[in-house]
Amino acid sequence: MGAATCEHLREPACRSRSDHVDVAVRRRRPGSPRASARRPPPSCKPKSMTGKDVVMLHFSLLGPMEIRVNGELRTPSAPMARRVLAVLLTHADRVVPMDLLIDELWGERPPKRARKTVQTYIYQLRKALSGEGSARLNGDLVETHSHGYRLRLEGGQLDLRDFQERLWEGREALARGQANEGAMALRRGLELWRGAALEDVETGPVLAAEATRLEDLRIRALEQRIAADLAQGRHQSLLEEIRELTYRHPVHEEFCAQLMTAAKRCGQRDEALSAYARLRRAMTEQLGLEPSERLQELQRLVLAGRDERIPARPQDRAAEPAVGSSPPFQLPAAIGVFVGRRNELERVERAARGTGADSHVRIVTVTGGPGVGKTEVALQVAHRLRAHFPDGQLKARLHTEDGTAQHPAEALNGLLVAAGYDKRSLPERTDDRARMFRGWAAGRRFLLLLDDAADEDQILPLLPAGSGNAVIVTSRCRMAGLPGSVTSVELEPMPEAEGRRLLAQVVGEERTAREPAAAAAIVSRCEGLPTAIHAVGSRIAVWPDRSLADFAARLEDGHQRLEELSSPHLDMRQYLAESVERLPTSAREVVNEMGRAEQADVTVEYLARRLHRSVPSIERSVELLAAFHVVKPVVCNGGHILRLAPLFRLAFAGRHTRAPEPATRDVEALQFTCPIDGQVSQLPNSLRLGALPTRRLGTVRIGSAAGGRIQDRCPSYLSLRCPIPAGELIEEHR
């Protein structure tokens, strides 16, 4: 194998035309160190080997990506293979789902042979990691699991882990008041950086988020190291370094404040005022904002010739708990005696607790359909782990009472206030609030519960930094695009035995023991949903002299079952309907039609005929509904039938919504401004508009009765269909 690169790692022949989405423009990230400052990592030399079969590897991500096998450079040259390796390294010692790799490489348009192509890249990486002439192949470092791959690492093999260890040591020393030791540890960590993280790796959504997180960690570590040096009176030696940082980061307030302090202490008052003027000019031109009150106060101190110590940032003041105060613990009480879910509870707890060698924030997703008990499982685990997270437990509910998804900025507002920030000092932009929250989280050990999440886009700004932290996410939708160390736990309906135990807990064990058959029938009609069992159990408990058989008989009537499963605090029909209302119009149409159908099982072709849509369009809606645990495709006679969850079928059976008709309807001409090019487009009168609540941009092809075709780029939340009698199909790319 060549000494410079693995030239044999070339792209597989099964590339798809859609692979053009892989290519990202390479650019140096703002603030990255100059190329001339690059140095080889201190641990890149091979360790002494006790046998010829041992192969030593060192991976570097903090700068251009490098692999060294026994000191020899073996970095893959093929761009896609490099990206696969980068994802595995940033998730080291954790299983990376195949879907996550596919999302990183191709986004929403993977080729048909995407999985086979990923397997080819894994094979190539295993060859690159093997030492020539050695009996032991390091290819076994990349383990194959049922749903993905895991790259096993040992201590000292990854520069990112070395940096995080130095960062933790430095912050711990600073917390103890040891400025010199803290500055030295932070300096050793920062010396590991040879450029911007993943500098020469093309990035998709997963790696881009990881690179941003790492850059935030580096900047924060640099701020803290300079602050520690200033506290020791090293302002003279720091002046040139901080001045260069302010030119690299013209709108970074902390570097400007540190330069003003160092310059004033060196007797360079004009330099301090000039730094403030440059910052103000850059902020007004680039952001349309004035410097913060903190920087304005520092300028006034310099002008007055008074003590030039940097005023504490509002977040710094608020994040430091007052004497005698305790960390924030926001979790509501959990059920005292929890029934069932033993395996799921153990999996969530084990993943949230971690192994002690985690290099990322630990994320656990608890998913399942409505009423399956996701929030209660998360609360049970969180309360068990309270002592494991001494810096607090925060909770954010990500949907409002009316079912509207909460904007990440509002969720961050609540989290930051709970963490101790003054609400009036919070920035307006979501990115700035996210950066502030990550800065507070770094160096702490706390648990964050994100309840009822809508999708990955809502969660990403809320993820904290720091390997000592854990995040538990509950959602009705399966999630495969989250960065970091992710463990997925999916909740199915409760088994009948656990359901009977839960019912006995609510109505009393004596009653269920007297009528075991009736108790089993009640649990069966609840479809194993803890929410439904609790609701009907609370109603039964009100009538101590009534038999369980009476309630079981009433649940046999499908027309009244949802009403019988409701309680004063829960309208089951409305609860199920609102969960579907969160979905796009196209998916809601499918659920409505399945609820109207006479037979319980339908096919994609049936729905396409009824809804006057193409088969691919129906399939996309079914895939979304399956991810939200509403519809389940079932193999039948070599094909697939679609099965609506029984309680959902009851909830939508009585709805008298009409299926879309192909007949032309005239509406007034509408105008909309395209968010891409700002042009105002006139929509033809024969178009019907439907709202589709999604944030992505897409291409909508509009057919016309005359046989022509118009193509406009517009937001895909404008769902356009041409209602032509001829039945031309409209292609909607969402």
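Definitions and cut-offs
- Residue numbers here run from 1 along each chain, matching the order of that chain's written sequence.
- Side-chain atom pairs in this predicted model are given and counted only at pLDDT of 80 or more, local residue features only at pLDDT of at least 70, and totals for whole chains, interfaces and linings cover all residues.
- By convention in this description, side-chain values take in all heavy atoms of the structure and omit both hydrogens and water.
- Strands are runs of DSSP state E lasting at least 2 residues, helices are runs of H or I lasting at least 4, and numbering of each runs from the N terminus.
- It only takes one pair of heavy atoms within 4.5 Å for two residues to be counted as in contact.
- Only the protein chains shown count as cover for residues, with accessible areas throughout obtained via the Shrake-Rupley method and a probe of 1.4 Å.
- One requirement defines pairing of two strands: DSSP has to find at least two bridges between them.
- Comment: axis = line fitted to C-alpha atoms, over the contacting stretch for helices; angle = value between 0 and 180 degrees taken between N-to-C directions.
- When a carboxyl oxygen of Asp or Glu is within 4 Å of a side-chain nitrogen of Lys or Arg, the pair counts as a salt bridge.
- Only protein chains enter the calculation, and the probe is 1.4 Å; a residue is then buried if its accessible area is under 20% of its type maximum, exposed if over 50%, and partly exposed in between.
- Pairs were defined over the aromatic rings of Phe, Tyr and Trp, the Trp ring being its six-membered one, requiring ring centres within 6.5 Å. Orientation was assigned from the angle between planes: stacked under 30 degrees, edge-to-face over 60, tilted for the rest.
- Criterion for a charge above a ring: Lys NZ or Arg CZ within 6 Å of the ring centre, and within 35 degrees of the ring normal.
- Here the nonpolar core consists of buried residues drawn from Ala, Val, Leu, Ile, Met, Phe, Trp, Tyr and Cys, with membership extended through side-chain atoms lying within 4.5 Å.
- Put simply, angles under 35 degrees are roughly parallel, angles over 145 are roughly antiparallel, angles from 65 to 115 are roughly perpendicular, and the rest are oblique.
- Residues are sorted three ways: Asp, Glu, Lys and Arg are charged, Ala, Val, Leu, Ile, Met, Phe, Trp, Tyr, Cys and Pro are nonpolar, and all the rest, Gly among them, are polar.

Counting its secondary structure elements, the chain contains 27 helices and 22 strands. Considering only residue pairs separated by 6 or more positions, the chain has 67% of its internal contacts joining residues 24 or more positions apart. Carbon and sulfur atoms form 50% of the exposed surface of the chain, whose accessible area is close to 34,200 Å².

Right, let's get into the sheet that holds strand β9 (residues 362-367). Paired through their backbone hydrogen bonds, the strands of a sheet run either parallel or antiparallel. With respect to topology, 5 strands assemble into an open sheet ordered β10-β11-β12-β9-β13, the strand pairing being parallel. Looking at which strands have only one partner, the edges of the open sheet turn out to be β10 (393-397) and β13 (485-490). The average angle at which neighbouring strand axes cross in this sheet is 15°, direction not considered. Along the sheet, helix α13 (residues 374-384) makes contact with β9, β10, β11 (447-453) and β12 (470-475), crossing β12 at roughly 165°.

Moving on to the pairing of strand β8 (residues 148-151). In this structure, strand β6 (residues 95-97) lies alongside β8, joined through 3 bridges in antiparallel fashion. From the neighbouring strand, Pro97 faces β8, where its bridge partner is Gly148. Pairing of strand β7 (residues 142-145) with β8, which is carried by 4 bridges, proceeds in the antiparallel orientation. When the bridges of β8 are listed, His145 appears paired with Gly148. With antiparallel pairing between neighbouring strands as the criterion, β7 and β8 make up a hairpin whose turn holds 2 residues.

Summed over the entire model, instances satisfying the criterion amount to 45 salt bridges. Across the salt bridge formed by Glu290 and Arg280, the nearest N and O atoms sit 2.9 Å from each other. Of this pair, Glu290 sits in the loop between α9 (269-286) and α10 (293-304) while Arg280 sits in helix α9, and the two are 10 residues apart along the sequence. Classification of Glu290 as partly exposed rests on a relative accessible area of 41%. In this structure, Glu490 and Arg478 form a salt bridge, with 3.0 Å as the shortest nitrogen-oxygen distance. Within this pair, whereas Glu490 is found in strand β13, its partner Arg478 is found in the loop between β12 and β13, the two being separated by 12 residues in sequence. Assessed through its relative accessible area of 28%, Glu490 is described here as partly exposed.

What follows is about the sheet that holds strand β14 (residues 601-602). Pairing in this open sheet of 3 strands is antiparallel, and the strands run β14-β16-β15 from one edge to the other. Edge positions in the sheet fall to β14 and β15 (631-636), since each has one partner strand and no second. Both β15 and strand β16 (residues 639-644) contribute to a ladder of 6 bridges, which runs antiparallel. From the neighbouring strand, Pro633 faces β16, where its bridge partner is Leu642. Strands in contact with helix α24 (residues 585-596) are β14, β15 and β16; relative to β16, the strand with the most contacts, it is inclined by about 85°. Lying over the sheet, helix α26 (residues 615-627) contacts β15 and β16, oriented at roughly 110° with respect to β15.

Using the criterion set out here, one finds 2 aromatic pairs in the structure. Centroid distance Phe163 to Trp193: 5.5 Å. Interplanar angle 85°. Geometry classified as edge-to-face. Of the two residues, Phe163 is situated in helix α4 (residues 159-175) and Trp193 in the loop between α5 (179-190) and α6 (205-231); the sequence distance between them amounts to 30 residues. Here Trp193 falls in the buried class, since its relative accessible area comes to 4%. For the pair Phe437 and Phe446, a centre-to-centre distance of 6.1 Å together with 75° between the ring planes defines the contact as edge-to-face. Residue Phe437 is classed as buried on the basis of its relative accessible area of 0%. We classify Phe446 as buried; its relative accessible area is 0%. The ring of Trp193 has Arg218 sitting right over it, with the charged end atom 5.6 Å from the ring centre. The ring of Phe329 is capped by Arg386, whose NZ or CZ atom sits 3.8 Å from the centre of that ring.

Turning our attention to the environment of Ile226. By the element assignment, Ile226 lies in helix α6. Assessed through its relative accessible area of 0%, Ile226 is described here as buried. Expressed as a C-alpha distance, the spacing of Ile226 and Glu241, which sit 15 residues apart in the sequence, is 9.4 Å. The residues contacting Ile226, other than those within four sequence positions of it, are Leu238, Ile242, Leu245, Phe255 and Gln258.

Attention now goes to the nonpolar core. Core analysis: the biggest nonpolar cluster contains 78 residues, and Phe59, Leu88, Val118, Phe163 and Met260 have the highest contact counts within it. Not counting residues up to four positions away in its chain, the partners in contact with Met260 are Ala272, Ala275, Tyr276, Leu295, Leu298, Gln299 and Val302. Tyr606, Ile618, Val630 and Leu650 belong to the second-largest nonpolar core, a separate cluster that totals 54 residues.

Bringing the packing of α24 against α26 into the picture now. Any two packed helices are characterised by how steeply their axes cross, that is the angle between the axes, and by the distance between the axes. Their axes nearest at 9 Å, the elements α24 and α26 cross at an angle of 85°. It follows that α24 is roughly perpendicular to α26 by the angle criterion. Contacts from Ser586, Ala587, Val590 and Val591 in α24 reach Ile618, Ser621, Leu624 and Leu625 in α26.

With that settled, the discussion passes to the packing of helix α17 (residues 496-507) against helix α19 (residues 516-525). Taken N-terminus to C-terminus, the directions of α17 and α19 make an angle of 105°; their axes are 9 Å apart at the nearest point. One element, α17, and the other, α19, form an angle in the roughly perpendicular class. Across the interface between the two elements, Glu496, Gly499, Arg500 and Leu503 from α17 touch Pro516, Ala519, Ala520, Ile522 and Val523 from α19. Here the residues of the contact of α17 with α19 sort into 6 nonpolar, 1 polar and 2 charged.

By themselves, these are just geometric observations and shouldn't be taken as functional.
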